Amino acid sequence: MDGMDNPTPGAARPAPQPAPAPTIVLVGHGMVGQRFLEALADRGVAGRARVVVLCEEPRPAYDRVHLTSYFSAGARPDDLALVPEGFMARYGIELHLGDPAVAVDRAARTVTARSGLVVRYDTLVLATGSYPFVPPVPGRDAEGCFVYRTIEDLLAIEAYAAGARTGTVVGGGLLGLEAAGALKGLGLRTHVVEFAPRLMPVQVDEGGGKALRRTVEALGVQVHTGVGTQEITAGPDGKVAAMALSDGSELPTDLVVFSAGVRPRDELARACGLPVGERGGIVVDAACRTADPAVYAIGECALAADGRVYGLVAPGYEMAEAAAAGIAGAEASFTGADLSTKLKLLGVDVASFGDAHGAAEGCLDVLYSDPRAGIYRKLVVAPDGTLLGGVLVGDVESYGVLRPLTGTVPPVAPEHLVLPAGAGAPVAFGPAALPDAAVICSCHNVAKGAIRAAVAEQGCTTAAEVGRCTRAGTGCGSCAKVLGQLVDTELAAAGIAVDKGLCRCFAQTRAELYETVLALRITSYRELLDRHGRPEARGGEGCEVCKPTVASILASLAPTIGLSGHVLDAGQAALQDTNDHFLANMQKNGSYSVVPRIPGGEITPEKLIVIGEVARDFGLYTKITGGQRIDLFGARVEQLPRIWARLVAAGFESGHAYGKALRTVKSCVGSAWCRYGVQDSVRMAIDLELRYRGLRSPHKLKSAVSGCARECAEAQSKDFGVIATAAGWNLYVGGNGGATPRHADLLAKDLSDAELVRLIDRFLMFYIRTAERLERTSVWLERIGLDHVRDVVVHDSLGICAELEQLMADHVAGYRDEWADTLDDPERLRRFVSFVNAPDTPDPTVRFVPERGQIKPLLPLTVIS
Amino acid sequence: MTAPAAPGSVQLLLPGGWFTACPVGALEPGRGVAVLLPEDAQAALFLDSAGAVHAIGNIDPFTGAAVLSHGLLGSAAGRPYVASPLLKQRFDLATGRCLDDEAASVPAYPARVVG
Ligand code: SRM
Ligand SMILES: Cc1cc2nc3c(=O)[nH]c(=O)nc-3n(C[C@H](O)[C@H](O)[C@H](O)COP(=O)(O)OP(=O)(O)OC[C@H]3O[C@@H](n4cnc5c(N)ncnc54)[C@H](O)[C@@H]3O)c2cc1C
Ligand code: SF4
Ligand code: FES
């Protein structure tokens, strides 16, 4: 039986090459290096050649452009990874991490790495990027001075900032402002020192600089322009203490980040005698070849054929494509690129594109400025009306449309184009008006024509699919909005009715299916699919999109349409998402987590002890969640019933952490204990959680109740949030934390307990009835409008409020604890086994290792990488 | 491990011959179960809604976790597949090929219900 269980897919590894394959050595695995490898793979070269990569950093290529999201959006180093899963293994690429090239011998055609490794190459590609320039100010080596270029830099800054209160960034350009945003995010009092008379001197003009300065200062960052850094002084402990500025003043600071520009890393090239530019950069021709035809240079280390060193990723990607094409024997060239940028600093909108400074002969500026709102918009137009470039500060809505129009005569007069959204622009001007040659995604150089072709010829129907076909939108993300609009208009224009259907099985939306189920009292998925599904899907298996959606609709309506409310009952069980099917959340190694409900976050010591005992007895990893309850991780599927038997016996119920359902109603301590509390927020949170527990919905539902306007429960970030007032309760709806945070809107004020509950009943049922699959209340509310929701649920404009209330009453009356009911029923319990033929044998692949006194998953060897 | 199978048993064809997994009644239409194979290997066994049985490897090649048996079934162009519960890649139940990434696949085992 040898080998029969070998899960390695044969296709994943290329067959060994009989003849010696040519060797391509890539030095530098940064953003451009990785893009080069992908281009080699796309052209089939990676499979035929031996490819060796020398990477100086301790980790494979990552998204440097989004480095700051480590601080601003909580991204972890892994989230920034750029290499697709399994990529290196699939193409047999040899990646040497933490092993930089130290010498190149062009005569012998070898590269030597720091470890002593010597590799002979047929083709050498240098993609060594840049290093941050640190001006030669005295004291720049003091402890507490940093640069901002790599993940390691960020980790070092983060660690040091823990003991610091003030931070100063030297340099007020694009990266300097990002660094300032990061320091701010770390809780430091932040200064920016810029030598030029304004911020972002390269991208924006004087007016833009002023608006930008106002916005940056409003964020709490202190800006010093027109001054240089003269010296950095350290305290007696050798740590940075202050900075002396050229105007004679002194700026006390605990931490300094240099962001005064970058310089190409051309040292290897210099040492082996390749020509470099006067101000650095490896000289290459349009094909990205250096003076030695066996050596290419791409990305920020190269001095391109147009005499420039590009410090942006999009031109680097074009060079990567050109070099890969050349190596594959095809033709491609890189002769220059667009320098448009959009700043990603949290809270500041700045964009510049094309000839932002109006350097061209005879050009005119068209300006709009609203200093109070911090808005400044300038378009640079040639005498014949051609749009040459622009600067947008404070309102960059139209960046995605304006940038691609650069170089054309826009169909709308520039005076109209310059007006910001909502300032009475007379024409709604969308991407439909752009010419086919307009570049929509400048990161990947994708023109509108290519996007239209992806829709019309390759059958893409979403921006994500177009992204997979063309890469549009997969770089900095600044084109995402226009891309989405374009895909929709193209679909409509191509006469392909924009298919709003739920999936390949149903042409209806989720809301339409809900109405169908309710009106016709349909109680089975099979019936819905075979009678109302797309003709080609009838009689089929369905799919992983519509099954859970229909399961959720059936569960929401169960008491009303006369169905058992239990999600594991006949006809419903097979539809459930994996998590619902096991009433637990699957973790990365196939184990599950257990989350008992703790209404309002209130728990007795006895119950806490039970949770502790259960966790200890089953060896589970225990963590307090962000939702005021406790998550127990690492249960094997066959242990779930035994764990829950203990919890149910102690009075716990399912917390529905696995379902698209009500999660938690968080509370603050409220008037019972808090000196400021004006209502009993804990009691209300518990009441609401018990009322809506088990309610299945299009997406998860979260809530919170605060006892006064100080809002310790963060109710305004919840799907429905309640804040106590002296007269009762204010109800907020449509809040969201998560990926796209949104503050909730006030729906109604000073409600009594009964009024509050009635409004929430209506609101939730209206949402469940009309929202699309996986549409949180925030997105739904944005789509249908707060006024409409208020009309329907407060003023009963559709006359459906009685029905909505009845639906909720049915839900409340029909609620039963899913876990207690499961434990009582051998039929439902049957699925909780490790193996059908060895029900109690633990899955040998689910393993753990110790970590900080608890466990964490030991990941099995991944096959696709 | 290869005792003569009772009628109604589901069997998987392994290199060493037919392997009896369980009675067909142990399966839930539209879902899967994990089967422990010799030498600690494991398969994911499914009963589709038309009553046919299918078996593929249980290890999801994208994560290395043994979870495919817990995934949801669907069909594309009339062919049944399972969607991995972790990162949702789909695998054809007849061939084990991944429908979302040409380079990935899992073993496929012929399966039958003994008459
Ligand atoms: C355990 C917990 C993290 C923690 O250790 O604190 C957690 C864990 C998960 N969250 Fe969360 N979230 C947890 C609180 C939150 C919060 C904070 C809160 O609820 O106050 C948020 C932001 C608030 C919000 O939702 O608006 C949050 C926003 C998300 C999102 C993004 C939702 C969005 O609208 O953007 C997802 C992804 C999704 O749902 O599509 C997510 C998804 C997940 C999943 C289910 C991811 C997954 O599919 O495996 C995690 C699995 C939990 C498990 O296996 O048990 N989690 N998650 C928290 C459980 C709270 C609880 O007791 O139920
Ligand atoms: C915070 C920040 C924000 C940015 N924002 C934007 C943006 O919004 N838009 C934009 O277009 N660009 C932005 N950039 C610039 C963008 O990141 C670079 O243009 C891009 O990374 C260049 O890619 P590269 O591969 O040429 O260089 P890099 O990504 O720097 O990669 C070069 C790699 O080579 C390695 N290396 C150097 N020498 C050797 C050697 N001898 N041996 C082995 N390895 C070596 C380096 O360690 C490095 O890992 C930003 C940069 C930063 C730091
Ligand atoms: S929200 Fe108000 S009542 Fe509640 S804990 Fe905070 S201060 Fe006290
Ligand atoms: S412009 Fe950067 S992803 Fe499209």
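About the criteria used
- Residues numbered from 1 in each chain as written.
- Chains lettered and ligands numbered in written order.
- Predicted model: local features only at pLDDT ≥ 70, side-chain atom pairs only at ≥ 80, totals over all residues.
- Heavy atoms only, no water.
- Helix = DSSP H or I, 4+ residues; strand = E, 2+ residues; numbered from the N terminus.
- Buried < 20%, exposed > 50% of the residue type's maximum accessible area, 1.4 Å probe, protein only.
- Contact = heavy atoms within 4.5 Å.
- Areas by Shrake-Rupley, 256 points an atom, 1.4 Å probe, with all protein chains shown as cover.
- Pairing = 2+ DSSP bridges.
- Axes fitted to C-alpha atoms, helices over the stretch in contact; angles between N-to-C directions.
- Near = heavy atom within 4 Å.
- Nonpolar A, V, L, I, M, F, W, Y, C, P; charged D, E, K, R; others polar.
- Salt bridge = Lys/Arg side-chain N within 4 Å of Asp/Glu carboxyl O.
- Core = buried A, V, L, I, M, F, W, Y, C linked by side-chain atoms within 4.5 Å.
- Domains from an automatic or database assignment.
- Buried area = accessible area lost by both parts, 1.4 Å probe.
- Polar contact = N/O pair within 3.5 Å; in protein donor to acceptor, adjacent residues only side chain to side chain.
- Lys, Arg positive; Asp, Glu negative; His and termini not counted.
- Expected span 1.5 Å × (residues − 1).
- Bend = angle between axes of the 7 residues up to and from the residue.
- Right-handed = clockwise from strand over helix to strand, strands pointing away.

Caption draft 1: Structural context of the overall build of chain B. Helix and strand content of chain B: zero helices and ten strands. Its helices and strands taken in sequence order, chain B reads β-β-β-β-β-β-β-β-β-β from the N to the C terminus. When each of the 115 residues of chain B is scored for burial, the buried share is 58%. Long-range contacts, defined here as pairs at least 24 residues apart, represent 38% of the contacts in chain B between residues at least 6 apart. Per element, the accessible surface of chain B, about 4100 Å² overall, is 58% carbon and sulfur.

Caption draft 2: Structural detail: the overall build of chain A. Secondary structure assignment for chain A yields 27 helices and 38 strands. The proportion of buried residues among the 865 residues of chain A is 52%. In chain A, once contacts between residues fewer than 6 apart in sequence are set aside, the share between residues at least 24 apart is 62%. Of the roughly 35900 Å² of accessible surface on chain A, 53% is carried by carbon and sulfur atoms.

Caption draft 3: Region of the structure containing the sheet that holds strand β29 (residues 592-594) of chain A. Residue and element names in this part refer to chain A. Taking strand neighbours across the sheet as the criterion, the four strands line up as β28-β29-β31-β30 in an open arrangement whose pairing is antiparallel. Looking at which strands have only one partner, the edges of the open sheet turn out to be β28 (585-586) and β30 (621-624). Here β30 pairs with strand β31 (residues 630-635) via four bridges, running antiparallel. Across the sheet, the residue bridging to K623 is D631, located in β31. In the packing of helix α20 (residues 640-649) onto the sheet, the strands contacted are β29 and β31, and the crossing angle to β29 comes to about 5 degrees.

Caption draft 4: Molecular detail of the sheet that holds strand β3 (residues 94-96) of chain A. All names here are of chain A. Strand order in the open sheet made by the five strands is β3-β2-β1-β7-β19, with parallel pairing throughout. The open sheet has two free edges, formed respectively by β3 and β19 (295-297), since each of these has just one partner strand. On average, each strand axis in the sheet is tilted by 15 degrees relative to the strand beside it, whichever way the strands run. Here helix α9 (residues 313-327) sits on the sheet in contact with β1 (23-27), β7 (123-126) and β19, set at roughly 160 degrees to β19.

Caption draft 5: Inspection of the site of ligand 3 at higher detail. Taken together, C668, V669, G670, C674, G677, G707, C708, R710, E711 and C712 of chain A form the complete shell of residues around ligand 3. Class assignment of the residues belonging to the shell around ligand 3 gives a composition of five nonpolar, three polar and two charged.

Caption draft 6: Region of the structure containing the pattern of salt bridges. All names here are of chain A. Enumeration over the complete set of coordinates arrives at 47 salt bridges over all chains. Note that R59 is salt-bridged to E152, the shortest N-O span being 2.6 Å. Here R59, found in the loop between β2 (50-54) and α3 (69-72), pairs with E152, found in helix α5 (residues 151-161); they are 93 residues apart in sequence, far enough to count as distant. With a relative accessible area of 29%, E152 lands in the partly exposed category.

Caption draft 7: The nonpolar core, seen in detail. All names here are of chain A. Core analysis: the biggest nonpolar cluster contains 64 residues, and F506, L688, Y692, L731, I760 and L764 have the highest contact counts within it. No other element matches the ten residues that helix α22 (residues 753-770) contributes to this core. When we break this core down by domain, the ones giving at least three residues each are domain 5 (510-572) and domain 6 (581-814). Residues contacting L764, with those up to four places away along its chain left out, are Y692, L695, L701, F720 and M808.

Caption draft 8: Representation of unusual backbone geometry within the structure. All names here are of chain A. One non-glycine residue, N445, lies in positive phi territory at about 50 degrees. Considering the arrangement of structural elements, one finds N445 in the loop between β26 (439-441) and β27 (446-447). A relative accessible area of 42% places N445 in the partly exposed class. Even without being glycine, E711 reaches a positive phi, approximately 65 degrees. Its location among the elements puts E711 in the loop between β33 (701-706) and β34 (720-725).

Caption draft 9: Here's a closer look at the interface of chain A and chain B. At the interface, 49 residues of chain A touch 51 residues of chain B. For the chain A and chain B pair, buried surface summed over both sides reaches about 3900 Å², with 58% attributable to carbon and sulfur atoms. At the junction of chain A and chain B, the tally comes to two salt bridges. Notably, a salt bridge pairs D101 of chain B with R90 of chain A, separated by 3.7 Å at the nearest N-O pair. Sorting the residues of the side of chain A that touches chain B by element identifies α17 (546-561) and α18 (578-582) of chain A as the ones contributing at least two each. With three residues, the single largest contributor to the side of chain A that touches chain B is α18 of chain A. For the side of chain A that touches chain B, a count of residues per class yields 23 nonpolar, 14 polar and twelve charged.

Caption draft 10: Structural context of the environment of Y310 of chain A. All names here are of chain A. Considering the arrangement of structural elements, one finds Y310 in the loop between β20 (302-303) and α9. With relative accessibility at 2%, the residue Y310 sits in the buried group. Between the C-alpha atom of Y310 and that of I298, which follows or precedes it by twelve residues, the distance is 9.9 Å. Side-chain polar atoms of Y310 contact the side chain of D306, separated by 2.4 Å.

Caption draft 11: View of the side chain of E541 of chain A. By secondary structure assignment, the location of E541 of chain A is in the loop between α16 (525-532) and α17. Among buried charged residues, E541 of chain A stands out as having no salt bridge; its nearest opposite-charge side chain is K547 of chain A, 4.2 Å away. Within the local environment of E541 of chain A, its side chain forms a polar contact with the side chain of S49 of chain B, the two groups lying 3.1 Å apart. Contact partners of E541 of chain A, with chain neighbours within four places excluded, come to Y525 and K547 of chain A together with G30, D48, S49, L73, G74 and S75 of chain B.

Caption draft 12: Summary view of α17 of chain A. Residues and elements named next belong to chain A. Relative to the 22 Å expected for 16 residues at 1.5 Å per residue, α17 spans just 19 Å between its end C-alpha atoms, considerably shorter than the ideal helical length. In the structure, α17 departs most strongly from a straight axis at A555, where the bend amounts to approximately 40 degrees and where the proline P559 lies between one and four residues downstream. Burial analysis of α17 places 14 of its 16 residues in the buried class, the great majority of the element. Note on α17: the residue one or two positions beyond its end, G562, has a positive phi of about 75 degrees.

Caption draft 13: Representation of the site of ligand 1 within the structure. All names here are of chain A. Contacts to ligand 1 come from 20 residues, most closely from Q587, G626, R629, N736 and G737. Residue D631 places a side-chain N or O atom 2.8 Å away from an oxygen atom belonging to ligand 1. Within the side chain of K718, one N or O atom sits 2.8 Å away from an oxygen atom of ligand 1.

Caption draft 14: Main features of the pairing of β33 of chain A. Residue and element names in this part refer to chain A. By the criterion of burial, β33 is predominantly enclosed, with five of the six residues buried. Where strand β32 (residues 662-667) lies against β33, four bridges are found, and the strand directions are parallel. For K666, the partnering residue across the bridge sits in β33 and is A704. In this fold, β32 hands off to helix α21 (residues 681-692), which returns the chain to β33; that crossover is left-handed. Bridge analysis of β33 against β34 gives four bridges, and the strand direction is parallel. In the strand pairing of β34, A704 is matched with G721.

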